[in-house]
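Architecture and fold: a report
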Amino acid sequence: MFEPHGPKRLSDIVTEWLSQMKSAINEQRPKVSTSRTLLLHENAGPHKARATTQSLREQGIQVLPHPTYSPDLAPCDFWLFPILKDRVVGRKFDRI
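So, here is what we can say about the structure in this document. Fair warning: this is a prediction, and the values are worked out from it, not measured in the lab.

**A few points about the nonpolar core**
Core analysis: the largest hydrophobic core is formed by five residues, namely V14, L18, L39, L56 and I61. With residues near it in sequence (within four places) discarded, I61 still touches K22, T37, L39 and L56.

Dropping the structure here:
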């Protein structure tokens, strides 16, 4: 596919996605403050690119640290899953 200004860099795509994600959160959950948005991602090149990290700072998105090459040490294993478990314990779901 021809793009008049050349192909987009992956970091530009990630930056656009982050902006769209934050807008969608604000639209779908207007009462939830996104002033303290946390993001967990692996240490892929486009995620660490200067354009991406600058966009994250401008949007006020805090990146949670993730050890390089340690997929078995995901921070969400320690803080996110216990919270999710507490919220669904005792509930019954008709479908997954």
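**A short note on helix α1 (residues 10-28)**
Relative to the 27 Å expected for 19 residues at 1.5 Å per residue, α1 spans 27 Å between its end C-alpha atoms, a close match to the ideal helical length. If you check which residues of α1 are buried, you get S11, V14, T15, L18 and K22. Looking straight down α1, one finds that the buried residues subtend no more than 105 degrees of arc, so they occupy a single side. With respect to the buried face of α1, the exposed residues turned more than 90 degrees away are L10, Q20, E27 and Q28. Those residues of α1 that are buried lie in contact with β1 (37-39), α2 (45-48), α3 (50-59) and β2 (61-63).

**A word on α3**
Taken together, the buried positions of α3 are occupied by T52, S55, L56 and Q59. Projection of α3 onto a plane perpendicular to its axis shows the buried side chains occupying an angular sector of 100 degrees, all on one side. Set apart from the buried face of α3 by more than 90 degrees, the exposed residues are R50, R57 and E58. On its buried face, α3 sits against α1, β1, α2 and β2. Downstream of α3 by one or two residues, G60 has phi in the positive range, about 75 degrees.

Here is what the cut-offs are and how they apply
Residues numbered from 1 in each chain as written. Predicted model: local features only at pLDDT ≥ 70, side-chain atom pairs only at ≥ 80, totals over all residues. Heavy atoms only, no water. Core = buried A, V, L, I, M, F, W, Y, C linked by side-chain atoms within 4.5 Å. Buried < 20%, exposed > 50% of the residue type's maximum accessible area, 1.4 Å probe, protein only. Contact = heavy atoms within 4.5 Å. Helix = DSSP H or I, 4+ residues; strand = E, 2+ residues; numbered from the N terminus. Expected span 1.5 Å × (residues − 1). Arc of directions from axis to C-beta.

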